Amino acid sequence: MQNKVLITGGTGLLGKALIEKNDDGDEIMATYTGNYVAESHGQVKYLMLDIRDKSGYESLFNDFRPNVVIHTASIGSPDFAHNNRGITLEVNVNGVKNILSLCERYNSTLIHISSNGIYDGENAPYSEDDHAEPKNYYGQTKLQGEEVVKKTEIPFAIVRPILMYGWNHSFERQNIVTIALSKLIKNEKVFVYDDVYSNPLFSGSCANAIWKMINSNQYGIFNLAGRERVSIYELVVAVAEIFNLNKELVIPVKQGYFNELVPRPKDTSYNTAKMEKILKIKPLTLFEGLEKMRSTQK
Ligand SMILES: NC(=O)c1ccc[n+]([C@@H]2O[C@H](COP(=O)([O-])OP(=O)(O)OC[C@H]3O[C@@H](n4cnc5c(N)ncnc54)[C@H](OP(=O)(O)O)[C@@H]3O)[C@@H](O)[C@H]2O)c1
């Protein structure tokens, strides 16, 4: 069946991958807020519409009538969230309330995107039912967003990606892999933590899992990750190796080196048994994910 899908945050890393990985010809409406014009193409239309604008979304739901909503839009920087609590609460919590109430009114299934930031990183690996204890304000708002969604009676999924990497739009936020690549290509050193761990997730792989959920009606809560648990340092060394760049430029440092404002969880790696069993998805190895990036380099 063809779907009418609203993707909030459709220009972000995950939004971009969702649009690229949709091969069912679904009709897609993708929203964003930035100061640029995203060009509509084929079945994909872009609309600048802030998630805090409830009446704007009311009109959008009324006109477009999505049967599925993938709510990716979020403030994603822990430091920004810490310094800008009011707007972070409005976007990451009240924005979820706005979208959920419209999904309830228009009978749309909601795929809500949460985060590994809900865990404190002291008890990895994390399965879906493990206790969530955020370490910073960003994590708190992501957990509050989940709590809003869990109360609904409409069909929903909560997807918790872990550290994602992939090709972002040039006008959007970079990720650890694209940041490292832009430095290594210029022969600049990259300083990265060797004491922060996760199992990094290729954005295309996250998108595939979400489309599979939708097309097989498998909802619920899913922690999505790649296969290997690595430190950020090991991840960036793998990037240098796969893209044939100088790995001697990758310098390991400890947490605190960058004087970050807020504490980050040390190890939020996931146990991926549920995604493997229910969605029948084998997590990609780092080599597989980075190789997919390398082979689609522009
Ligand atoms: N990236 C990761 O490693 C990671 C890890 C765990 C969980 N997640 C979660 O995954 C989701 C997607 O992350 P991402 O990395 O794809 O995000 P991203 O690249 O930072 O993109 C965020 C998207 O949301 C839009 N957006 C931000 N504020 C908005 C607002 N007020 N109204 C409407 N749209 C707004 C942005 O548009 P503009 O830029 O135009 O404003 C952009 O399209 C988020 O919920 C995030 O918490 C991400």
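On a predicted model such as this, the values are computed, not experimentally measured, just so you know. (Residues numbered from 1 in each chain as written. Predicted model: local features only at pLDDT ≥ 70, side-chain atom pairs only at ≥ 80, totals over all residues. Heavy atoms only, no water.)

Chemist: What is the right way to look at the environment of L245 in this model?
Modeler: Mapping L245 onto the fold places it in the loop between helix 8 (232-242) and strand 13 (250-253). Classification of L245 by relative accessible area gives partly exposed; the value is 24%. The spacing of L245 and K186 is 59 residues in sequence and 9.9 Å in space, taken between C-alpha atoms. (Helix = DSSP H or I, 4+ residues; strand = E, 2+ residues; numbered from the N terminus. Buried < 20%, exposed > 50% of the residue type's maximum accessible area, 1.4 Å probe, protein only.)

Chemist: I'm lost on the site of the ligand in this one. Help?
Modeler: For the ligand, the set of nearby residues contains 29 residues, the closest of which are T11, T33, G34, Y36 and E172. Here an oxygen atom of the ligand sits 2.8 Å away from a polar atom, N or O, in the side chain of Y138. Here the ligand loses 89% of its free accessible area of 900 Å² to cover by the protein chains. Counting residues per element, the ones that place at least two in the shell around the ligand are helix 1 (13-21) and helix 5 (137-150). For the shell around the ligand, the residue count by class is 14 nonpolar, 11 polar and four charged. (Near = heavy atom within 4 Å. Polar contact = N/O pair within 3.5 Å; in protein donor to acceptor, adjacent residues only side chain to side chain. Areas by Shrake-Rupley, 256 points an atom, 1.4 Å probe, with all protein chains shown as cover. Nonpolar A, V, L, I, M, F, W, Y, C, P; charged D, E, K, R; others polar.)

Chemist: Is there a simple way to explain the UniProt feature "domain: RmlD-like substrate binding" (unreviewed entry) in the protein chain in this structure?
Modeler: Under the local residue numbering, the UniProt record ascribes the feature "domain: RmlD-like substrate binding" (unreviewed entry) to residues 4-293. Annotated as residues 4-293, this span is 38% helix and 18% strand, and its ends, taken at the C-alpha atoms, are 28 Å apart. (UniProt positions renumbered as here; feature names shortened; annotations may be inferred.)

Chemist: Would you mind showing me how to read the pairing of strand 11 (residues 220-224) here?
Modeler: Consecutive residues of a regular strand have side chains that alternate between opposite faces of the sheet. Within strand 11, four of the five residues are buried, leaving the element largely enclosed by the surrounding structure. Sheet analysis places strand 6 (residues 156-161) next to strand 11, joined by five bridges and oriented parallel. By the bridge assignment, R160 is partnered in strand 11 with N223. (Pairing = 2+ DSSP bridges.)

Chemist: Got a minute to help me understand a nonpolar patch on the surface in this structure?
Modeler: Together, F191, Y257 and F258 make up a nonpolar patch on the protein surface, roughly 300 Å² of accessible area in all. Relative to the elements of secondary structure, F191 occurs in strand 8 (residues 190-193). (Patch = residues over 30% accessible without salt bridge, like charges linked within 9 Å, V, L, I, M, F, W, Y side chains within 5 Å. Salt bridge = Lys/Arg side-chain N within 4 Å of Asp/Glu carboxyl O.)

Chemist: Just to check I follow, could you spell out unusual backbone geometry for this structure?
Modeler: The phi torsion of most residues other than glycine is negative, and most of the peptide bonds are trans. In this chain, A124 is followed by P125 through a cis amide linkage whose omega measures 0°. Structurally, the position occupied by P125 is in the loop between strand 5 (109-113) and helix 5. In the Ramachandran plot, N187 falls in the positive-phi region, its phi being about 60° despite a non-glycine side chain. Note on placement: N187 falls in the loop between helix 6 (176-185) and strand 8. In this structure N187 comes out as exposed when scored by relative accessible area, which is 57%.

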